[in-house]
Amino acid sequence: MSPPRFQYRPPNFAAPPLSAAPEARFTPAPGDGVLPDGFFSTTNLPTYVKLPSGWRRPRLPRMDCVIVHGGGDELTVTEPRRVRRGDRVAVGAAEDGSEGIFVHVEGFLGGTRSPNEFRFMSAEVSRERPVDYSVLAQLLGEERVRGGKIVWVIGPALVHARAREDMIWFIQNGFCQTLLGGNAVAVHDLEAAIFGTTLGMSSSGESVEGGHGLHMRAINAIRRAGSIEQAVSQGVVKSGIMHALVSKRIPYVLAGSIRDDGPLPGVYSDTLAAQDAMREHTVKATGAIFIATALHAIAVGNMLPAFHLCDGAPSPLMTICVDQTEFVVNKLKDRGTHQAYGVVTNAQDFMHVLRFYTERWEQGSS
């Protein structure tokens, strides 16, 4: 089965009303981290700003930011905390071009699709909807073939749900270019690598003697080694997700929370530093898969544009959100990540089935 094809239709700037649109207005920021009144708040959709030279797309698109004009044709989407006094910030409320800023909501819409296909801007989320894993597998495979950057955002439930080996397979076979998560997902994976348990449970789900403290012992073993990388090189950690990431030199970012145990060395406890580290990877992403992590899914979804540039033209950014309840997927969409395709199932089933179809895609493509 062929994957759905997305054809971006750029705006017709030569036709009314865009042809008569005024140039965008910019107002100097009154202070560091302070925005001028009436600033334009960005979305994650393709956005165009009219300059004297014509309509231009800002760099580094993402929602809940502002557009800064750096001179000439340079336009950059910037977090408000990065704005400095005197920076020229785009102002205006309209998104229809009437104030020189046009948000192209309709660029990817149009045409008919089967309801079970991965679709851009699909709104329905239901555990009763069938999922065409062959399409998802082919999208993953094609991203790997063209050198795309697939970001995985995972929660500790993936480790508990016995999907750990599947995640390792995706890492080792080139389907993961970055992994984002929290302290817990790494702790539980490392506990499994060192002690064979997760939160003191064996692979059969039974508690082991003294199991409640094994995750703390795993953290201590990593701290003694100095870092996760050094624990791998010293042979303290010989398997698992973190071992695969280090062995394959795949970058990862672990963002801490207020309830973290430890935390592990390398975990960002400063939320703004974590955001900066994560955004270094989200700006390069051509696809994203969120599994069993509400807060990290919403956080990373907020950083992602709804599109990436493919041969210079906007192309939808494949975004898949997996959770066992509709609540998480709907919440992600409600926070602005409209392009997310929801799969309502548990992490174990999703990873097993996606791996099966991806392996079958590999066999067919070879």
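Since this is a predicted model, take the numbers as computed values, not measurements. (Residues numbered from 1 in each chain as written. Predicted model: local features only at pLDDT ≥ 70, side-chain atom pairs only at ≥ 80, totals over all residues. Heavy atoms only, no water.)

## What to know about the packing of aromatic side chains
- All told, the structure shown has 9 aromatic pairs when counted by the stated rule.
- Summarising the aromatic geometry, the rings of Tyr 133 and Phe 350 are spaced 5.8 Å apart at their centres and angled 50° between planes, so their arrangement reads as tilted. Of this pair, Tyr 133 sits in helix H1 (residues 133-145) while Phe 350 sits in helix H11 (residues 347-365); the two residues are 217 residues apart in sequence, bridging distant segments of the chain.
- With centroids separated by 5.7 Å and ring planes inclined at 15°, the aromatic side chains of Trp 169 and Phe 175 adopt a geometry described as stacked. Of the two residues examined, Trp 169 and Phe 175, each falls in the buried class. (Phe/Tyr/Trp six-rings, centres within 6.5 Å; stacked < 30°, edge-to-face > 60°. Helix = DSSP H or I, 4+ residues; strand = E, 2+ residues; numbered from the N terminus. Buried < 20%, exposed > 50% of the residue type's maximum accessible area, 1.4 Å probe, protein only.)

## Describing the sheet that holds strand S6 (residues 88-91)
- Spatially, 4 strands are ordered S1-S6-S4-S5 in an open sheet, and the strand pairing comes out antiparallel. Each having just a single partner strand, strand S1 (25-28) and strand S5 (74-78) make up the two edges of the open sheet. Going across the sheet, the axis of each strand differs from the next one's by a mean of 40°, ignoring polarity.
- In this sheet, S6 lies alongside strand S4 (residues 66-71) in antiparallel orientation, the contact comprising 2 bridges. Considered in S6, the bridge of His 69 is made with Arg 88. (Pairing = 2+ DSSP bridges. Axes fitted to C-alpha atoms, helices over the stretch in contact; angles between N-to-C directions.)

## Some remarks on the nonpolar core
- Counting residues in hydrophobic clusters, the biggest one holds 51 residues, and the most contacted among them are Trp 152, Met 167, Ile 241 and Phe 350.
- Beyond its immediate stretch of four places on either side in the chain, Phe 350 contacts Tyr 133, Leu 136, Ile 289, Ile 291, Ile 320, Val 322, Val 343 and Thr 345.
- Membership of the second largest hydrophobic core comes to 22 residues, among which are Val 151, Ala 255, Ala 288 and Val 329. (Core = buried A, V, L, I, M, F, W, Y, C linked by side-chain atoms within 4.5 Å. Contact = heavy atoms within 4.5 Å.)

## A look at the confidence of the model for the protein chain
- Scored by pLDDT, the protein chain comes out at a mean of 88, with 89% of its residues at no less than 70.
- Low pLDDT (under 50) marks residues 1-5, which in the prediction has 16 contacts with non-local residues, meaning those over four places away or in another chain.
- Predicted confidence is poor over residues 111-123, with pLDDT under 50, and the contacts of this stretch with residues over four places away or in other chains come to 42 contacts. (pLDDT = per-residue confidence, 0-100.)

## Topic: the sheet that holds strand S2 (residues 47-51)
- The 3 strands lie next to each other as S3-S2-S7, forming an open sheet whose pairing is antiparallel. The open sheet has two free edges, formed respectively by strand S3 (54-56) and strand S7 (101-103), since each of these has just one partner strand. On average, adjacent strands in this sheet sit at an angle of 25° to one another, irrespective of strand direction.
- Inspection of the sheet shows S2 paired to S3 by 3 bridges, in the antiparallel sense. Following the sheet pairing, Leu 51 is matched in S3 by Gly 54.

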